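Commentary on secondary and tertiary structure
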Amino acid sequence: TFDSIRRAKALFGLKNYIIVTQRFQLVRAVFLARAMGHDAIGYAAGELHGTPAARRMTRREYVARVKALWDIVLLKAGLASGWSGSKQKDGKTER
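Residues numbered from 1 in each chain as written. Predicted model: local features only at pLDDT ≥ 70, side-chain atom pairs only at ≥ 80, totals over all residues. Heavy atoms only, no water.

1. Describing the overall build of the chain
Convention followed: Helix numbering and strand numbering both begin at the N terminus, where a helix is a DSSP run of H or I of at least 4 residues and a strand a DSSP run of E of at least 2. Type-normalised accessible area, obtained with a 1.4 Å probe on protein chains alone, sets the label of each residue: buried when under 20%, exposed when over 50%, and partly exposed for intermediate values. Working rule for contacts: check all heavy atoms of both residues, and any pair within 4.5 Å makes them a contact. Using a 1.4 Å probe, accessible areas were evaluated by the Shrake-Rupley method; residue-level cover was limited to the displayed protein chains.
Secondary structure summary: the chain contains 3 helices and 4 strands in total. In the chain, buried positions account for 28% of the 95 residues. Considering only residue pairs separated by 6 or more positions, the chain has 56% of its internal contacts joining residues 24 or more positions apart. Carbon and sulfur atoms make up 58% of the accessible area of the chain, which amounts to about 6,700 Å² in all.

2. Points about the pairing of strand E2 (residues 39–45)
Cut-off, in case you're wondering: At least two bridges found by DSSP between two strands are what make those strands a pair. By convention a crossover is right-handed if, when the strands point away from the viewer, the path from the first strand over the helix to the second runs clockwise.
Summarising the sheet, strand E1 (residues 16–22) and E2 pair through 7 bridges and their orientation is parallel. Note on E2: the bridge partner recorded for Gln22 is Ala45. Read as a crossover between parallel neighbours, the route from E1 over helix H2 (residues 23–35) to E2 is right-handed.

3. Topic: the pattern of salt bridges
Applied cut-off: By salt bridge we mean one thing: a side-chain nitrogen of Lys or Arg within 4 Å of a carboxyl oxygen of Asp or Glu.
Scanning the entire structure with this criterion turns up 3 salt bridges. We note a salt bridge from Arg28 to Glu61, for which the minimum N-O separation is 2.7 Å. Placement of Arg28 in helix H2 and of Glu61 in helix H3 (residues 52–76) is noted, with a sequence separation of 33 residues between them. The buried category is assigned to Arg28, whose relative accessible area is 8%. For the salt bridge of Lys67 with Asp71, the shortest nitrogen-to-oxygen distance reads 2.9 Å. Note that Lys67 and Asp71 are positioned in helix H3 at a spacing of 4 residues, about one turn of the helix.

4. Looking at the nonpolar core
Taken as a class, soluble globular proteins show a tendency for nonpolar side chains to be buried jointly. Worth spelling out the cut-off: In this text, buried Ala, Val, Leu, Ile, Met, Phe, Trp, Tyr and Cys residues form a nonpolar core when linked through side-chain atoms within 4.5 Å.
The biggest cluster of nonpolar side chains holds 15 residues, and the ones touching the most others in it are Ile5, Tyr17, Ile19, Leu32, Ala33, Met36 and Ile72. When contributions to this core are tallied by element, the ones reaching two or more residues are helix H1 (2–10), E1, H2 and H3. Counting residues per element, this core draws most heavily on H2, at 6 residues. When sequence neighbours within four positions are dropped, the list of residues in contact with Met36 reads Phe2, Ile5, Arg6, Ile72 and Leu75.

5. Overview of H2
Rules: Every helix has an expected span of 1.5 Å times one less than the residues it contains.
End to end, H2 covers 19 Å across 13 residues, agreeing with the expected 18 Å (1.5 Å per residue, within 8%). Within the sequence span of H2, burial applies to Phe24, Gln25, Leu26, Arg28, Ala29, Val30, Leu32, Ala33 and Ala35.

6. Looking at the side chain of Arg28
The cut-off we apply is this: Whenever two N or O atoms come within 3.5 Å, that pair is a polar contact, provided that in protein one can donate a hydrogen and the other can accept it, and provided that, for residues adjacent in sequence, both atoms are side-chain atoms.
At a separation of 3.1 Å, a polar atom in the side chain of Arg28 contacts the side chain of Thr1. In contact with Arg28, not counting residues within four places along its chain, are Thr1, Arg60, Glu61, Ala64, Arg65 and Ala68.

7. Description of a nonpolar patch on the surface
Short version of the rule: Like charges within 9 Å and nonpolar side chains (Val, Leu, Ile, Met, Phe, Trp, Tyr) within 5 Å are joined into patches, using only residues over 30% in relative accessible area that form no salt bridge.
Nonpolar side chains collect at one region of the surface, where Ile18, Val20, Ile41 and Tyr43 lie side by side and expose about 440 Å² of accessible area between them. For the nonpolar patch, the secondary structure elements donating two or more residues are E1 and E2. Position of Tyr43 relative to the elements: it lies in strand E2.

What follows is the structure in structure tokens.
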């Protein structure tokens with residue numbers, strides 16, 4: 001999610017956009033976008049509740065939210081890693 005949000009502006013030139021994802025991930029995605037200075041809003045896609053996969057993803061999201069906070073701290077300190085490609089004239093990225 002962190003790298004996707006970074007690419008939204010760096011690669012596609014987006015700063016205002018709508019994030020469509022499942023509810024459990026939406027809060028984190030919008031938080032990351034806004035923390036990076038983007039004007040993003042979210043829309044929760046439909047999802048199934050009570051399945052083993054849904055319970056697993058909910059548990060995973062607790063850890064992912066802590067990591068999101070850490071990613072923003074590192075980004076603000078200039079120490080963020082991850083996607084570092086740049087926009088090219090032919091639309092491809094270079095790493």
